[in-house]
Amino acid sequence: MINVKVGNRLRELRRLRGLSQEALADECGLDRTYITYIENAKKSVTISTLHKITSALNITLEEFFSFEEGDVLIKMKDYIIEVPKLIVGNSYTNLELSKIFQCSTQGGIRVSSRKKTVTIITRENSERNPYADSTVKPDGTFIYTGMGLTGDQVVTGTNQNGKIAYNDTNEYTIHYFISYEKNEYVYQGVAVKNGSFYFVEEVDQKGNLRKVVKFPLKLVKE
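Attention in this report is confined to the structure presented alongside it. Worth saying up front: this structure is predicted, and the values here are computed from it rather than measured. (Residues numbered from 1 in each chain as written. Predicted model: local features only at pLDDT ≥ 70, side-chain atom pairs only at ≥ 80, totals over all residues. Heavy atoms only, no water.)

**Some thoughts on unusual backbone geometry**
Definition in use: In DSSP terms, a helix is any run of H or I states spanning at least four residues, a strand is any run of E spanning at least two, and both are numbered starting from the N terminus. Burial classes follow relative accessibility: with a 1.4 Å probe on protein chains only, a residue under 20% of its type's maximum area counts as buried, one over 50% as exposed, and anything between as partly exposed.
Phi at alanine 41 takes a positive value of approximately 60 degrees, unusual for a residue other than glycine. With respect to the helices, strands and loops of the structure, alanine 41 is situated in the loop between helix 3 (32-39) and helix 4 (47-56). The phi angle at lysine 116 is positive, at roughly 55 degrees, despite the residue not being glycine. Tracing the backbone through its elements, the reader meets lysine 116 in the loop between strand 4 (109-112) and strand 5 (117-123). By relative accessible area, which is 33% here, lysine 116 ends up partly exposed.

Here's what the structure looks like:
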């Protein structure tokens, strides 16, 4: 099972660097028992959390997943089991997104509790779009704007914005799409947090100044 292989890999790398579970947990800002659960395959871990762990181990996600167990090469794409058929650069319809993620067909941030995913969408095909997301830089970093068309946006532990804001402590994987044409959503890949969220003032759909939340994110290369 993939969780067992990931747990064994984490234990191996941690020991090679002479770190205890507690020391590694402190470096990542996680609880020691969480590291124990991962190593013993008792808990799944998101790509976002693995990104924090591999940073503490001073390796990349690609290096973490490029290992052999027996005669099988384990790759990151094998671990993202929730949506195995998504291909970066391919276009998907709104209905396909709903079926793949088992999420709503509306909104720029679509949370699926069944798949443990957060689907985020940047729309480049609407003049009425009030959200000012940045373009993706060559290093994969970008700024994503929170959800809420009018009035001040808010971040809570349970709303859509919160699923991104606290992605390093929840079990949801973020998948990023850009829509250039109506009913076409081009897959950009898995994204992880690249810093803390912050608020800025922007004009909403009605032309009123309001506070919006910005999320620094980064695409993960497979």
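**Concerning helix 4**
For helix 4, the full list of buried residues reads Ile47, Ser48, Thr49, Leu50, Ile53 and Thr54. At the C-terminal side of helix 4, asparagine 58 shows a positive phi close to 65 degrees.

**Quick look at helix 7 (residues 94-101)**
We apply this condition: Here the arc refers to the directions that run from the helix axis out to each C-beta atom. It only takes one pair of heavy atoms within 4.5 Å for two residues to be counted as in contact.
Turning to helix 7, its buried residues are Asn94, Leu97, Ser98 and Phe101. Along the axis of helix 7, the buried positions cluster into a sector of 100 degrees, meaning they face one direction only. Counted as exposed and oriented over 90 degrees from the buried face of helix 7: Leu95 and Lys99. Those residues of helix 7 that are buried are in contact with strand 3 (91-92), strand 4, strand 5, strand 7 (173-181) and strand 8 (184-193).

**Remarks on the pattern of salt bridges**
In plain terms, the rule: Counted as salt bridges are all cases of a side-chain nitrogen of Lys or Arg within 4 Å of a carboxyl oxygen of Asp or Glu.
Applying the stated criterion across every chain, the model contains 4 salt bridges. Ionic pairing is found between arginine 14 and glutamate 39, a salt bridge with its closest N-O pair at 2.6 Å. Pair noted here: arginine 14 is in helix 1 (residues 2-16) and glutamate 39 is in helix 3, with a separation of 25 residues, a long-range link. Accessibility expressed as a relative area gives 3% for glutamate 39, which makes it buried. Salt bridges linked by common partners bring Arg11, Arg14 and Glu39 together as one network.

**Examining the packing of helix 2 (residues 21-28) against helix 3**
Short version of the rule: Only the stretch in contact is used when fitting a helix axis, every axis being a line fitted to C-alpha atoms; angles between N-to-C directions are given from 0 to 180 degrees. The scheme is simple: roughly parallel for angles under 35 degrees, roughly antiparallel for over 145, roughly perpendicular for 65 to 115, oblique for anything else. Less than a right angle of anticlockwise turn of the near helix away from the far helix marks a crossing as left-handed, whereas a clockwise turn marks it as right-handed. In this count, Pro and Cys sit with the nonpolar residues alongside Ala, Val, Leu, Ile, Met, Phe, Trp and Tyr, while Asp, Glu, Lys and Arg are called charged and the others, Gly among them, polar.
At their nearest, the axes of helix 2 and helix 3 sit 8 Å apart, and the two run at 110 degrees to each other. The angle between helix 2 and helix 3 falls in the class roughly perpendicular. The crossing of helix 2 and helix 3 is right-handed. Residue-level inspection shows Gln21, Glu22, Leu24 and Ala25 of helix 2 in contact with helix 3, the latter providing Arg32, Ile35, Thr36 and Glu39. Within the contact of helix 2 with helix 3, the residues separate by chemical class into 3 nonpolar, 2 polar and 3 charged.

**A look at the environment of valine 118**
Its place among the elements puts valine 118 in strand 5. Residues valine 118 and alanine 191, 73 residues apart in the sequence, show an inter-C-alpha distance of 9.9 Å. Contacts of valine 118, omitting those with residues within four sequence positions, involve Ile109, Arg110, Val111, Lys163, Ile164, Tyr172, Thr173, Ile174 and His175.

**Considerations on the pairing of strand 5**
Threshold: By this definition, two strands are paired if DSSP reports at least two bridges between them.
With 6 of 7 residues buried, strand 5 is to be regarded as a mostly interior element. Relative to strand 5, strand 4 runs antiparallel, the two sharing 4 bridges. Following the sheet pairing, isoleucine 109 is matched in strand 5 by isoleucine 120. Between strand 4 and strand 5, which pair antiparallel and follow one another directly, the connecting turn spans 4 residues, one of which, lysine 116, has a positive phi of 55 degrees.

**Remarks on the side chain of arginine 210**
Basically, it comes down to this: In this tally Asp and Glu are treated as negative and Lys and Arg as positive; neither His nor the chain ends contributes. Any N or O atom pair separated by 3.5 Å or less is treated as a polar contact, with the protein-specific requirement of one donor-capable and one acceptor-capable atom, and with residues adjacent in sequence counted only for side-chain atom pairs.
Relative to the helices and strands, arginine 210 resides in strand 10 (residues 209-219). Buried and unpaired, arginine 210 has aspartate 204 as its nearest opposite-charge partner, separated by 5.3 Å. Within the local environment of arginine 210, its side chain forms a polar contact with the backbone oxygen of glycine 148, the two atoms lying 2.9 Å apart.

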